[in-house]
Amino acid sequence: MEPISITPCSKIYLPNPRISAKAHFNCSLITPVTHLNSLKNSTIQLENAKDITLPTMADILASSKTQNLDLQLKTLGPFFRITARSLDTLNELGRAEGLIRVWLGGKILHLDSIRLRRETMGMERSIFGIGLFIGAVAIRYGYDCGCRTAELLAINDTDLYHSKLVRFYTRIGFKTVHEVTGSTIGDLAHMLVWGGIGTRMDADIEELLIKWCSRFKHRD
């Protein structure tokens, strides 16, 4: 993949073994109150959007470094991969993959998967928080590529896990567009694309960046 230099550090060489917290943009069951509350409190009326400076990639990366995270973005054609490493140990903590999809209505940010390492389970900061930082890089990258919409599938492995994922994505700005149950012929296309059943969710990328503004915007 062609590296995009978003941080002044060397290339990341990704290991082959995948220890997955489950694909299709899934995260941990643990939800940090501070992250979610900051996102909830940052909901801003869209009519005031013109007065808002959206968080840049630099803002997101600066915020991640305060959490001892080093984020890297690599691309190959329409595909992208984001990796997160600990600044303390230099170990890879997680990665996300997806692509920029061209559709009739314009470009779409397709968030295919996020995988988190087992060692994050024992960290003081929640892996849900790490997933949020990785996701923010993806959303900003999609915005810079001209995408207007982000799409994902909240995978349905268990009812409890699935409900937590849907609540989390709803709180950060995604909206349910379809329940993929596998019980209809129309679900087959979704299952071929996403590889499973769950809740299809979309979000307006600019609205997400506005909502996340206070969480990632640099404060002097």
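Residues numbered from 1 in each chain as written. Predicted model: local features only at pLDDT ≥ 70, side-chain atom pairs only at ≥ 80, totals over all residues. Heavy atoms only, no water.

In the annotation of an unreviewed UniProt entry, the entry for the chain reads N-acetyltransferase domain-containing protein, and the organism field reads Hevea brasiliensis.

Novice: Any chance you could break down the overall build of the chain for me, citing the residues and the numbers?
Specialist: Tallying secondary structure elements over the chain gives seven helices and eight strands in all. Among the 220 residues that make up the chain, the fraction classed as buried is 49%. The contacts of the chain with a sequence gap of at least 6 include a subset with a gap of at least 24, amounting to 71%. When the accessible surface of the chain is split by element, carbon and sulfur atoms take 55% of a total near 11,100 Å². (Helix = DSSP H or I, 4+ residues; strand = E, 2+ residues; numbered from the N terminus. Buried < 20%, exposed > 50% of the residue type's maximum accessible area, 1.4 Å probe, protein only. Contact = heavy atoms within 4.5 Å. Areas by Shrake-Rupley, 256 points an atom, 1.4 Å probe, with all protein chains shown as cover.)

Novice: Provide a residue-level description of the environment of Ala62, including the pertinent values.
Specialist: If you trace the backbone, Ala62 turns up in helix α2 (residues 57–65). Sequence separation between Ala62 and Phe216 is 154 residues; the distance between their C-alpha atoms is 8.2 Å.

Novice: Can you explain the pairing of strand β2 (residues 69–76)? Please cite residues and give values.
Specialist: Most of β2 is tucked away, with seven of its eight residues classed as buried. With eight bridges joining them, β2 and strand β3 (residues 79–86) adopt antiparallel strand pairing. Within β3, the residue paired with Thr75 across the bridge is Phe80. Here β2 folds back onto β3 in antiparallel fashion, the turn holding two residues, of which Gly77 has a positive phi close to 60°. (Pairing = 2+ DSSP bridges.)

Novice: Tell me about the pairing of strand β6 (residues 149–155), residues and numbers included.
Specialist: Counting buried positions over the seven residues of β6 gives six, a clear majority of the element. In this structure, strand β5 (residues 106–116) lies alongside β6, joined through three bridges in parallel fashion. When the bridges of β6 are listed, His110 appears paired with Glu151.

Novice: Run through the pattern of salt bridges, naming residues and quoting values.
Specialist: Applying the stated criterion to the full structure yields seven salt bridges. Asp144 serves as the salt-bridge partner of Arg140, at 2.8 Å between the closest nitrogen and oxygen. Of this pair, Arg140 and Asp144 are both found in helix α3 (residues 127–144), four residues apart, which corresponds to roughly one turn of the helix. In this structure Arg140 comes out as buried when scored by relative accessible area, which is 11%. Exposure remark for Asp144: the relative accessible area of 46% places this residue in the partly exposed category. Between Glu151 and Arg200 there is a salt bridge, with the nearest N and O atoms lying 3.6 Å from each other. Of this pair, Glu151 sits in strand β6 while Arg200 sits in strand β8 (residues 198–204), and the two are 49 residues apart along the sequence. You can call Arg200 buried: its relative accessible area is 7%. (Salt bridge = Lys/Arg side-chain N within 4 Å of Asp/Glu carboxyl O.)

Novice: Before we move on, could you go through helix α4 (residues 159–172) and cite the residues and values that matter?
Specialist: With 14 residues, α4 should reach 20 Å at 1.5 Å per residue; the first-to-last C-alpha distance of 20 Å fits that figure. Just beyond α4, the residue with positive phi is Gly173, at close to 125°. (Expected span 1.5 Å × (residues − 1).)

Novice: Quick one: what's the story with the confidence of the model for the chain, residue by residue and with numbers?
Specialist: Mean pLDDT over the chain: 75, with 70% of residues reaching 70 or higher. Considering only residues more than four positions removed or in separate chains, one finds that residues 2–36, a stretch of pLDDT under 50, has 110 contacts. (pLDDT = per-residue confidence, 0-100.)

Novice: I'd like a rundown of the packing of aromatic side chains, residues and numbers included.
Specialist: Geometry of an aromatic ring pair is reported as the spacing of the ring centres plus the angle between the planes. Applying the stated criterion to the full structure yields four aromatic pairs. Residues Trp212 and Phe216 carry aromatic rings whose centres are separated by 6.1 Å and whose planes lie at 65° to one another, so their mutual orientation is edge-to-face. Judged on exposure class, the residue Trp212 and its partner Phe216 are both buried. The ring of Trp103 is capped by Arg101, whose NZ or CZ atom sits 5.0 Å from the centre of that ring. (Phe/Tyr/Trp six-rings, centres within 6.5 Å; stacked < 30°, edge-to-face > 60°. Lys NZ or Arg CZ within 6 Å of the ring centre and 35° of its normal.)

Novice: For the nonpolar core, give the residues involved together with the corresponding values.
Specialist: Leu109, Leu111, Ile134, Ile139, Tyr169 and Phe174 are the most contacted members of the largest nonpolar core, which has 51 residues in total. The biggest single contributor to this core is α3, with nine residues. (Core = buried A, V, L, I, M, F, W, Y, C linked by side-chain atoms within 4.5 Å.)

Novice: For the side chain of Glu151, give the residues involved together with the corresponding values.
Specialist: We classify Glu151 as buried; its relative accessible area is 6%. A distance of 2.7 Å separates polar atoms of two side chains, one belonging to Glu151 and the other to His110. If sequence neighbours within four positions are ignored, Glu151 has contacts with Arg101, Ile108, Leu109, His110, Leu111, Trp194, Arg200, Met201 and Asp202. (Polar contact = N/O pair within 3.5 Å; in protein donor to acceptor, adjacent residues only side chain to side chain.)

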